[in-house]
Amino acid sequence: MKPERNVQAVAYATMQRIQSDYTELLSSSSKFSLQKLFTPDQLKWEEFCKEFYPHPQSDELKKIVQYFGQDFGIWLPNAKQHITCALFLYPTAHFDRMLTMMKNLVIGFYLNDVMGRDTFRLLDRQRQEESRKMIHNMAGLQEDLQISSHANRIEWANAEILRQFRESSPQEWFRKFLRLYCHHIGITHTDGNVEAQGRIPGVLEYMERRCHLGGVHHIMHWIEYSDEQFLDWGLLKTTRLSRDLKRLHWVTAAFAGMSNDLFSFEKEVIDCGADSNLVMIIALNKPGISLKEAIRKASDVIRHLLIELLSLMDTVKREIEAMANLHPAMSQRLTTHLGGVVRCVQAIWTWHCHSKRYKREHSIWKETTLAVEAVPA
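Residues numbered from 1 in each chain as written. Predicted model: local features only at pLDDT ≥ 70, side-chain atom pairs only at ≥ 80, totals over all residues. Heavy atoms only, no water.

**Quick word on the nonpolar core**
Counting 129 residues, the largest nonpolar core has Tyr-90, Ile-107, Leu-111, Phe-165, Trp-222 and Phe-265 as the members making the most contacts within it. No other element matches the 14 residues that helix α19 (residues 291-322) contributes to this core. Not counting residues up to four positions away in its chain, the partners in contact with Tyr-90 are His-55, Met-98, Met-101, Ile-219, Met-220, Trp-222, Ile-223, Ser-226 and Cys-344. (Core = buried A, V, L, I, M, F, W, Y, C linked by side-chain atoms within 4.5 Å. Buried < 20%, exposed > 50% of the residue type's maximum accessible area, 1.4 Å probe, protein only. Helix = DSSP H or I, 4+ residues; strand = E, 2+ residues; numbered from the N terminus. Contact = heavy atoms within 4.5 Å.)

**A short note on empty space enclosed by the protein**
By rolling a water-sized probe across the atoms, one finds the places where empty space is left. Taken as a whole, this structure holds three cavities of 30 Å³ or more when the rule is applied. Here the largest cavity defines a volume of roughly 650 Å³. Lining the largest cavity are 36 residues, with Phe-109, Gly-214, Val-216, Ile-219 and Asn-260 positioned closest to its centre. Only α6 (84-89), α7 (95-115), α10 (171-188), α12 (203-213), α13 (216-220), α16 (241-263), α17 (265-271) and α20 (328-354) provide two or more residues apiece to the lining of the largest cavity. Looking at the lining of the largest cavity residue by residue, the classes come out as 16 nonpolar, 14 polar and six charged. Its boundaries defined by the atoms lining it, the second largest cavity holds a volume of some 80 Å³. Surrounding the second largest cavity, 13 residues form its lining, Ile-223, Ser-226, Asp-227, Gly-340 and Arg-343 being those nearest its centre. Elements represented by at least two residues in the lining of the second largest cavity include exactly α14 (222-226) and α20. The element that contributes the greatest number of residues to the lining of the second largest cavity is α20, accounting for five residues. (1 Å grid on protein atoms, 1.4 Å probe; cavity = no way out; pocket = protein on both sides within 12 Å on 5 of 7 lines; lining within 4 Å. Points joined across faces, edges and corners; volume = space filled by probe spheres on them. Nonpolar A, V, L, I, M, F, W, Y, C, P; charged D, E, K, R; others polar.)

**Examining the pattern of salt bridges**
The tally for this structure, following the rule as stated, stands at 21 salt bridges. In this structure, the salt-bridge partner of Arg-175 is Glu-172, at a minimum N-O distance of 2.8 Å. Separated by three residues within a single helix, Arg-175 and Glu-172 lie in helix α10, roughly one turn from each other. Its relative accessible area of 30% is what places Arg-175 among the partly exposed residues. Taken together, the shared-partner salt bridges connect Arg-117, Arg-210, Asp-261 and Glu-268 into one network. (Salt bridge = Lys/Arg side-chain N within 4 Å of Asp/Glu carboxyl O.)

**Side note on the packing of α7 against helix α9 (residues 153-167)**
Where α7 contacts α9, the axes come no closer than 10 Å and their chain directions differ by 150°. Relative to α9, α7 is oriented roughly antiparallel. By crossing handedness, the relation of α7 to α9 is classed as left-handed. Only Ile-154, Ala-157, Asn-158, Ile-161, Gln-164 and Phe-165 of α9 make contact with α7, whose side of the interface consists of Thr-100, Met-101, Lys-103, Asn-104, Ile-107, Tyr-110 and Leu-111. Its residues placed into classes, the contact of α7 with α9 shows eight nonpolar, four polar and one charged. (Axes fitted to C-alpha atoms, helices over the stretch in contact; angles between N-to-C directions. Parallel < 35°, antiparallel > 145°, perpendicular 65-115°, else oblique. Left-handed = near helix turned anticlockwise from the far one by under 90°.)

So, in structure tokens, the structure goes:
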């Protein structure tokens, strides 16, 4: 963490400068290509993702999940743009398991867009207090998933979906998942700006927290859940593979969170004036830095994550092959799991480019600029 400074003054001045730089960049004819900015030379996304496909039952799943969201009053106008996330991340998921994950995402995206770290401060005081109470209840759920008879509809929906997770997974898996999920709920739905936090975190500290804010750690657990391929972590702890696989999970989650910060930069920083974003954290830690330079430094962070990610994939693959003779069943299950991690990385890039969640008519990113449709004569 940086030495104490006048956080409010630094945050205000930095936001003004970054938004001013953004206006100049937007008015220029040049655009940034996120693919060129943070992709290492050894990775070609077209080649890496050539065999990727979303879930084959996507249309049917989306309709069912929309009914769920509408029944509980948590279906937002832009919901169709973000629930596709799971359809990209877990294309081999069993139908019922995909429904459970997508319903959970409907709740998550609703909370994020209504009372997330970049929107919470925009609520009036009464809504903030109501939100705090609800989030406190949701974050405090125990494994029995008991809720108050006075709980609101979102709490009932949340408990219902968590019961589905509990009933369709091993106890140890659910215990870890619930702990990560509740931690995510508890820290995400509050004012995430540095002024409200009273301090400016360093980049590494922000990265660690950001993975929890985005819920990426518990979503990584869905690789096991999606097709009922749960791993024996007790056995894995006796091997070196446990350490490397956990690191692979963390780096994948960090890549998801940090790349999302660039894709969502305009939505979070420009539209909402929020500074809980990698580009802004870099700017806050380096007073006077330009937006262009902050973008370059943020891209360097993501590029190094991708380089480590590719290296870890190769290492884990070799370690899985080495244990095939001693533990053939576990080796096969781990091979399937590694394929799930690869699909997640493919999906992170593909979904961000595909989804309209971050698209706009005028953008500094090539990938998020809406194509202008020709008007027929």
